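# Understanding the architecture of this molecule
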Amino acid sequence: MTLGICGLTLWRRKAGVMGWDDVGGREVLMEPLLSGGNDEGNDDNDIGSCEHDPNIEMEANEEADMDNKEETEQGQSLFQPLRHNDAMDGDDSETSTVLACNTIPMEISPTDGNHTNDRLLLDQEALENSSSEDATVPKTCMDHVLQFDKMFWILCLSCVVVYGCVLPFNNIASGILLERNYFTDPPSSCHLQYEDMCSMGDLAPKDRNKAIDSNGETCVLTKSMRPVLPSSLSIYASSVNSTISADWMNDSYVFDHLTENDLDCGDAFWRKSCTVDFCIAQKLATEKSGRVMSIPYLFSAFLSPLFGHVVDKIGRRAILAVVSCVLLVSVHLSLAWMHSSPVIPLVGQGLAYVGYAAVIWPSVPLTVRKESVGTAFGAMTAIQNVGLALFPLVIACVYKGSSDRYIPNVEYFFVICALVGVVIGILLNVLDKKRGGILNKIDV
């Protein structure tokens, strides 16, 4: 191919300029040689100074067209005449036609082949990748949920059983503590001297209806024991002074076998007229149990930030989930089997609650895609609330099936929940290890 030709070119600079190869899609440096010959003084290539000859210009254009056609077939551009329009300051008068001699492309892309085709292929590939990614991006809430893997669902199951072991217990802790520590049953041998009459109040015997044992001796009752109740009652409001029965809630109080569950100290009959001692003792015991049962909440309020900071420093989220469940097992076994002070078990309950909450919720974003984190939290909360709605029903059935007693069967139910949490936690650690230990890492 001829390297030096004369062509019609719009030219403003005397130095080299960058031109665009329309065929190859490349920028090339076009250097005009305005002197009559080349730098080496080669007379063979020296065509002298060029004049503005129409014939030469026509031949140059024809040769340029042939070269462009050849470049299109071969995919490589070696020549392209430059066209430069001077539009600076809108002055068209400076636009001039210059005859460029021996115009040589000084820079050619080293890449062989048609760059335009390569660019089209790259654009097509990027479009296909974008389309495939768009196809996998979840569009609706259900799409997000269906893409959650089994590690997330294991976290949800763990959340249900562990929180089912904690929150329902907190709701009935007052009753458990009353039954276990602060309002316990008196000895079975104790009974009232007048078993079918009120123990204390407006309707009690004037000489006091005291509690005695089977030998007729006065029963010694501790402060944690509830007062002895009448074994039966048959009292009608119509047979009592109206000033006494004015605040009673019922017209008659007839019980063949009276139990503490039949009493309602909100009723003036029990509170003022028949079982004053029982209602006073129940009120004091309830207040005491309420103070003790606040221990888990106090731990949660003050230690949650500290536990969260510790988890950020040491990681071990899946491991701490198992430890929390093991602690819950020991807490509820001690409440079921022992009759010591409930303070230590409730401290353990508080620590387990704080520790588990500090690891379970931060684990959620580690198991789902970034754009699905909010949906994941919502799904886990919904599943948790379903469990919290069902667990009290199960506990009520256990309570009724145990003759209205919490100890020990209701506590055994909590133990079972905690044991299931231990098993799920171990499974979570095994799966996490296969996934690279992302839940137990410090910096993820």
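Refer to the structure above for everything that follows.
Notes on the structure in this doc start here. All values reported here derive from a predicted model rather than from experimental measurement.

The tally for this structure, following the rule as stated, stands at three disulfides. Through a disulfide, Cys198 is tied to Cys274; the S-S separation comes to 2.0 Å. The sign of the -95 degrees torsion about the S-S bond sets the Cys198-Cys274 disulfide as left-handed. Of this pair, Cys198 sits in the loop between strand E6 (191-192) and strand E7 (211-212) while Cys274 is found in helix H6 (residues 268-274), placing the two residues 76 residues apart along the sequence.

Another aspect to go through is the side chain of Ser199. Here Ser199 is to be found in the loop between E6 and E7. Overall, the relative accessible area of 4% leaves Ser199 in the buried class. Polar side-chain contacts of Ser199 include one of 3.0 Å to the side chain of Asp277. With sequence-adjacent residues up to four places away left out, Ser199 is seen in contact with Leu192, Ala204, Asn209, Val228, Pro230, Cys274, Thr275 and Asp277.

Moving on, we come to the pattern of salt bridges. Note that side chains of opposite charge can pair when their charged atoms are close. A complete count under the given rule lists seven salt bridges for this structure. In this structure, the salt-bridge partner of Arg226 is Asp185, at a minimum N-O distance of 3.3 Å. Of this pair, Arg226 sits in the loop between E7 and strand E8 (233-236) while Asp185 sits in the loop between helix H4 (150-182) and E6; the two residues are 41 residues apart in sequence, bridging distant segments of the chain. The partner of Glu260 in a salt bridge is Arg226, with the nearest N and O atoms 3.5 Å apart. On the criterion of sequence distance, the pair formed by Glu260 in the loop between strand E9 (252-255) and H6 and Arg226 in the loop between E7 and E8 is long-range, its members being 34 residues apart. On the basis of relative accessible area, Glu260 is assigned to the partly exposed category, the value being 25%. Overlapping salt bridges bring together Glu179, Asp185, Arg226, Glu260 and Arg405 as one network.

Time to look at a nonpolar patch on the surface. A grouping of Leu306, Val310 and Ile314 is seen on the molecular surface, where their side chains present a nonpolar patch of about 230 Å² in accessible area. Turning to its location among the elements, Ile314 is positioned in helix H8 (residues 295-314).

On E8, burial follows the alternation: Leu233 and Ile235 on one face are buried, whereas Ser234 and Tyr236 on the facing-out side are not. The pairing of E8 with E9 spans four bridges and is classified as antiparallel. In the sheet register, Tyr236 faces E9, and the bridge partner there is Ser252.

Cut-off values and rules
- Residues numbered from 1 in each chain as written.
- Predicted model: local features only at pLDDT ≥ 70, side-chain atom pairs only at ≥ 80, totals over all residues.
- Heavy atoms only, no water.
- Disulfide = S-S within 2.5 Å.
- Helix = DSSP H or I, 4+ residues; strand = E, 2+ residues; numbered from the N terminus.
- Buried < 20%, exposed > 50% of the residue type's maximum accessible area, 1.4 Å probe, protein only.
- Polar contact = N/O pair within 3.5 Å; in protein donor to acceptor, adjacent residues only side chain to side chain.
- Contact = heavy atoms within 4.5 Å.
- Salt bridge = Lys/Arg side-chain N within 4 Å of Asp/Glu carboxyl O.
- Patch = residues over 30% accessible without salt bridge, like charges linked within 9 Å, V, L, I, M, F, W, Y side chains within 5 Å.
- Areas by Shrake-Rupley, 256 points an atom, 1.4 Å probe, with all protein chains shown as cover.
- Pairing = 2+ DSSP bridges.

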